[in-house]
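Geometric and topological summary
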Amino acid sequence: ELAGIALTSLSSLPLQRSLHRDRAHEHAVAFSDVVEGTEGSGEALALQEQVAFLNGQTRQTNESANDKGDKIERERQDDVPARDKDRGDPRQLGQTQLDDEILEETYLLAADASQLQLPQDRAKDALQLRLFGEVLESYRRMESSLMKQSFLPSQLASYEQMSRQVSLHLAAGYRTAAHPDLQRSMCQAYVLRTFDSFQASLQAGNKGTAMEQLVELFFSKFATDVARWQESPGAVPLREMLEAASSRRLAASNFTYAELFDMCLAEFEKRDVPRRELRSFLGELPAIPSSAFRALEAQCQLAGARKMALLTILALIEGKPACRWRGLSLLFKLAFSAGEDGVRFDTIRLIINKIYSGPKSPMRWQLPHLSDAEVRGLLDEDSNGSGWELPDPDFLPLNRLRGRCVEDMATLMLRSVAAPEAHFRHNIGIPQRLEQLRADLFKGAICSAKDRVWLYLALCIKRPILLHGLVETFIECDAEMKEHLINSIEEAIKYIPVTEQELLVLVQKASHQTEPLVLKVLNILMTTRGKEPLHPGFGEAVIRLYKESNNPRLLVPVFDLLDRNSLLDFFPAVLQLESERVADAFRLIVGSRAPPLSVTELLMELHHVNSPGENIVPIKASMQALNIIFGMRDQFDTKVYGIVIQSLVEEPGPLPTLFMRTVIQVVKELPRLSDFIVMEILPRLVRQEVWGDENMWRGFMIVLQHTFASQPTGAARVLAMLPMSQLEDVLVQHPDWKAQLRDYVARQPPGTIMPHVKQLLE
C-alpha cells in the first residue's frame, strides 16, 4: 500500500504533465478531509488506518470501523474552528504552509481532478520530502510495532525490501532527478539515516546491512544518470554527467553522482568511521569519482592514515579497471612528490611490494650495455623490444600496469636527472597516455632530482637487469649527481644476492667512465657477501679494468680472487693504499677458504718488500701492513710468526729491514714464543754477527731486555756467545746482568765457556 501511495503521488506530479485533469477517471493523490456520507468513506477509512500505521499508531481491534470513523469525525469537527482561525481551509494546499499538525490530521483521499488545486513547487517538494521521510521511517516503526509479531520472517524481509526499493526510487529515480534540490534533500536524509544505523551496528559489534543500503543508493543514482546520458548521446561524456567537473552550468542544474559521494565522504570523516570501511565501501561502488582520489591523496599526507589510504588505492587499482589510470597517476604523484620523505618512501614500498611484477622480457632501452647481436633472443618477441602500445588507451591491463608502466615511469624519472644535453642510446617507446602522465608530474610540485632515483633503485632489487640502465644514466650526469648515485646505489646492491649474474656482467662491461660506480658496487659486495665467495669472473674483470685505470682500489674487493702471480704483481700497489683498504684486502686473504697466499707466505712477502739495499714500497707502508696483519692474529695460529721468523733467519743474504721489528713485536705480544726466540733465533743471529748492522744490533738488545727477566738462562747463554768487545759493551750498559751470567757460567762444564767471558766476570 505504501508503494502504491508513493508511486501514485510521483506519477501525478511530473513537470511535463498538466497539473489539472479534465478526465473523470484520472485522479491524483492529495491531502483532504474525509467526506461524510459517500460511498468511498470505507476506502478513506482504510487509508486513514494505513497512514496511522505509518505514523507509529497501533490499530484498536476492539472498535468497529464505523465507530472509529465516527469518533475521528467528531474530534475533527470540534477542532475545525480553531484550526480554521489559524490557517484557513486545509483544502487550499497551494496557499498554505504544510506543517506536522496538518499532516497528522488530514488523510489521503482521491479528489476530483477538476476541483483539485495542486501545491506550488516549494510546497510540492516539501510534500514529497515528507512522504520520503515516512518511507524511511516505516521499517523502524515496524520493528517497534505489535503487528511485527503476526508476520512471518519472509514477510518481514519482503517488507524491508519493498521499503528500500521505494525509498531508492524516490531518492534516485529518474523523475526525481529533474528536481536537484529535492533529490539532494532526499539523498541527504537517506545518507544520514544510513550512517546512524551503521554507527549503531558498529557499537553493537556487527556491521549490519547499512553499508549495503548506501551502496544501493549509489547504484540507483548511477543507473539514473546513465539513463539520462543515453537519452542525450553526444551532449556530454558520461564522466562529465556523473561529476560535472568542468561544467558549472551542469553542476548548478543537477545533483550529481559526485556530489552524492562527497556527501557520504563528509559523513565518513565527521563520524570518524574506521578507514577500512571506506575501502570496502569504495570497492562496492559502480563508479569512483575524482574526489575520492583527492581525499585519498589528502589522507596519504597523514602518517596515521597513510597505510590504509595506500591500501585503498591498491584495492581500487586491482578491483576496478576504470580506476587504474587514476590510481596509478596518484601513486606516481605521491612517489615523486615534493613533500615529506615518508610519503615518498611509503608509496615506493607499496609499489615494490604489492604492485610491481617484472615483465618476462626486457626492452631494448634496458640493455644499453649489449650490442644488437648480443640482444638477439632476449627481447620481447611481439615488439622486438622497441616499444609497446595499448589497443584501448582507456583500458590498462593489470599485467601492463604491474610491469611495463612501473618500470618505464621509473626509467623516465631516472633519465630526468641527467644533464640537459644527455644522449641515450635508445629511446623509451611508451604509449602516449603514459607520456602524458609523466608530463603531468612535472607540471605539479615534483621532488628534487636526487629523490627521483629511489623508485628505480628499488626496482633494481627486484630486477637486477635494470642496473645497466642506471649505469648508462650515471655516465650522462654531472659531477654532483654522479656522487649522489654512487652514495645511493648501496640501497639496492646490498639487497641483491652476490650470486646474481647481472652484477658480474656490470663489472665485466665496466669502462673508465663507469669505474667510480663499479668500485662502489665492488666494495658493497665485499662487505655483504660474508663467507660466500664471489664468482671467479669478478677477478678477471677487475684485472682488465685495473689495467685501463691503474686504480689499485679496484683490486681490494677481489683480492682473494686473484691468482698468485697477479696478486704478487699488484701487492706493492695495494700496500700503499689507506689502512682501511689494506685491512680489507688482508681480511679477504685470511678469511678465504682457498687463498692465493697463505698467512705465512703473506708475512714473508711483507718482509721481502724492504731490504737493506732496496725498498719496493715505503717502510712506513710496510710497517702499517705488518701492524694490520698482527692485529688479525686471533684469526690464525700465532705459531705462524715462529715459522716466518725462522724462515727469514735461515734465508741467505741480509735480513729484511723490518725483521727485528717483528721479533720485538712477537716477544712483547706473544710471550709463549719468547722461549723459542731466545733459544733458537737469538743464537742464530749471534752466529750471523748481527752486530754488524746497527739497526739489527739495536733490535737484538731490545729483545734481550724483554726476555732476560723471563728467560734468564737462555739470555745468559746468548750473552756467553758474544765476542769480547760486544759482551763488554753489554755488561757496561747492563751491569745487573753479570750475576745471571756468572751463575750460568758456574753451571757449565769446564772448557765450554770462552775465556774472555770469565775474564770479564772477574
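Everything quoted here is computed from the prediction, not taken from an experiment.

Reading guide: rules and limits
- Residues numbered from 1 in each chain as written.
- Predicted model: local features only at pLDDT ≥ 70, side-chain atom pairs only at ≥ 80, totals over all residues.
- Heavy atoms only, no water.
- Helix = DSSP H or I, 4+ residues; strand = E, 2+ residues; numbered from the N terminus.
- Buried < 20%, exposed > 50% of the residue type's maximum accessible area, 1.4 Å probe, protein only.
- Contact = heavy atoms within 4.5 Å.
- Areas by Shrake-Rupley, 256 points an atom, 1.4 Å probe, with all protein chains shown as cover.
- Core = buried A, V, L, I, M, F, W, Y, C linked by side-chain atoms within 4.5 Å.
- Expected span 1.5 Å × (residues − 1).
- Polar contact = N/O pair within 3.5 Å; in protein donor to acceptor, adjacent residues only side chain to side chain.
- Arc of directions from axis to C-beta.
- Phe/Tyr/Trp six-rings, centres within 6.5 Å; stacked < 30°, edge-to-face > 60°.
- Lys NZ or Arg CZ within 6 Å of the ring centre and 35° of its normal.
- Axes fitted to C-alpha atoms, helices over the stretch in contact; angles between N-to-C directions.
- Parallel < 35°, antiparallel > 145°, perpendicular 65-115°, else oblique.
- Left-handed = near helix turned anticlockwise from the far one by under 90°.
- Nonpolar A, V, L, I, M, F, W, Y, C, P; charged D, E, K, R; others polar.
- pLDDT = per-residue confidence, 0-100.
- Lys, Arg positive; Asp, Glu negative; His and termini not counted.
- Salt bridge = Lys/Arg side-chain N within 4 Å of Asp/Glu carboxyl O.

1. Section: the overall build of the protein chain
What the protein chain contains, in helices and strands, is 37 helices and four strands. Across the 762 residues of the protein chain, 49% fall into the buried class. In the protein chain, the share of contacts with a sequence separation of at least 24, taken over all contacts with a separation of at least 6, comes to 70%. Element-wise, carbon and sulfur atoms account for 50% of the exposed surface of the protein chain, whose accessible area totals about 37,700 Å².

2. Quick look at the environment of Arg193
Positionally, Arg193 belongs in helix H7 (residues 180–203). As for Arg193 and Leu136, which are separated by 57 residues in sequence, their C-alpha atoms are 8.1 Å apart. The contacts of Arg193, once residues within four sequence positions are left out, are Leu136 and Glu137.

3. Quick look at the nonpolar core
Phe281, Phe586, Phe659, Leu685, Phe700 and Leu741 are the most contacted members of the largest nonpolar core, which has 214 residues in total. Setting aside residues no more than four positions away along its own chain, Phe281 makes contact with Met211, Leu214, Val215, Phe218, Phe261, Cys264 and Phe268.

4. Some details on the environment of Leu131
The topology assignment puts Leu131 in helix H5 (residues 121–143). With relative accessibility at 19%, the residue Leu131 sits in the buried group. For the pair formed by Leu131 and Ser167, sequence separation is 36 residues and the distance between their alpha carbons is 9.7 Å.

5. Digging into helix H33 (residues 694–708)
Between the first and last C-alpha of H33 there are 21 Å, a value that for 15 residues agrees with the 21 Å anticipated at 1.5 Å per step. For H33, every residue scored as buried is listed here: Met696, Trp697, Gly699, Phe700, Met701, Val703, Leu704, Thr707 and Phe708. Put simply, Asp693 is the residue that caps the front of H33, since its side-chain oxygen is 3.0 Å from the backbone nitrogen of Asn695.

6. Describing helix H35 (residues 724–733)
For H35, the full list of buried residues reads Gln726, Leu727, Val730 and Leu731. Along the axis of H35, the buried positions cluster into a sector of 130°, meaning they face one direction only. Away from its buried face by more than 90 degrees, H35 exposes Val732 and Gln733. For H35, the secondary structure elements touched by its buried residues are H33, helix H34 (712–720), helix H36 (737–747) and helix H37 (755–761).

7. A few points about unusual backbone geometry
Generally, phi is negative for residues other than glycine and the peptide bonds are trans, each holding for most cases. Not every positive phi belongs to a glycine, and Asn550 is a case in point at roughly 55°. Summarising the element assignment, Asn550 is placed in the loop between helix H25 (537–549) and helix H26 (564–575). Phi is positive for Glu689, close to 55°, though the residue is something other than glycine. In this fold, Glu689 is placed in the loop between helix H32 (674–687) and H33.

8. What about the packing of aromatic side chains?
If you walk through the whole model with that rule in mind, you get 14 aromatic pairs. Arranged with centres 6.3 Å apart and planes meeting at 85°, the rings of Trp691 and Trp697 form a pair that is edge-to-face. Note on Trp697: relative accessible area 18%, which makes it buried. Each member of the aromatic cluster is reached from another via a ring pair, and the members are Phe195, Phe218, Phe222, Tyr257, Phe261, Phe268 and Phe281. Residue placement shows Lys482 over the ring face of Phe474; its charged tip is 5.6 Å from the ring centre.

9. Considering the packing of H7 against helix H8 (residues 210–231)
The geometry of H7 relative to H8 is characterised by a closest axis approach of 8 Å and an angle of 160° between their N-to-C directions. Relative to H8, the element H7 lies roughly antiparallel. Here H7 runs over H8; the crossing is left-handed. For the pair H7 and H8, the contacting residues are Gln183, Cys187, Tyr190, Val191, Thr194, Phe195, Ser197 and Phe198 in the first and Ala210, Met211, Gln213, Leu214, Leu217 and Lys221 in the second. The residue inventory of the contact of H7 with H8, partitioned by class, reads nine nonpolar, four polar and one charged.

10. Some words on the side chain of Thr514
Tracing the backbone through its elements, the reader meets Thr514 in the loop between helix H23 (501–508) and helix H24 (515–528). Thr514 gets classed as buried once you look at its relative accessible area, which sits at 4%. Side-chain polar atoms of Thr514 contact the backbone nitrogen of Ser511, separated by 2.9 Å. Excluding residues within four positions of it along the chain, Thr514 makes contact with Val471, Phe474 and Ile475.

11. As for the confidence of the model for the protein chain
Scored by pLDDT, the protein chain comes out at a mean of 82, with 82% of its residues at no less than 70. Low pLDDT, under 50, characterises residues 46–66; the stretch is placed with 26 contacts to residues that sit more than four places away or in other chains. With pLDDT under 50 throughout, residues 71–77 is counted as low confidence; its partners more than four residues away or in other chains account for seven contacts.

12. A few points about the side chain of Lys320
Tracing the backbone shows Lys320 in the loop between helix H14 (303–319) and helix H15 (324–335). Of the side chains with opposite charge, Glu284 comes closest to the buried, unpaired Lys320, at an N-O distance of 7.2 Å. A polar contact is formed between the side chain of Lys320 and the backbone oxygen of Gly283, at a distance of 3.5 Å. Those residues in contact with Lys320 that lie beyond four places of it in its chain are Leu282, Gly283, Glu284, Leu285, Ile288 and Ala315.

13. Digging into the pattern of salt bridges
Here the idea is simple: oppositely charged side chains can pair when their charged atoms come close. Summed over all chains, the structure comprises 40 salt bridges. We note a salt bridge from Arg344 to Asp451, for which the minimum N-O separation is 3.3 Å. Highlighted residues: Arg344 in helix H16 (residues 341–355) and Asp451 in the loop between helix H18 (432–443) and helix H19 (454–462), separated in sequence by 107 residues. The salt bridge involving Glu548 is made with Arg544; its shortest N-O contact spans 3.1 Å. Placement of the pair is Glu548 and Arg544 together in helix H25, with a separation of four residues, close to one helical turn. Judged by relative accessible area, which is 31%, Arg544 ranks as partly exposed. Overlapping salt bridges bring together Arg306, Glu340, Asp346 and Arg349 as one network.

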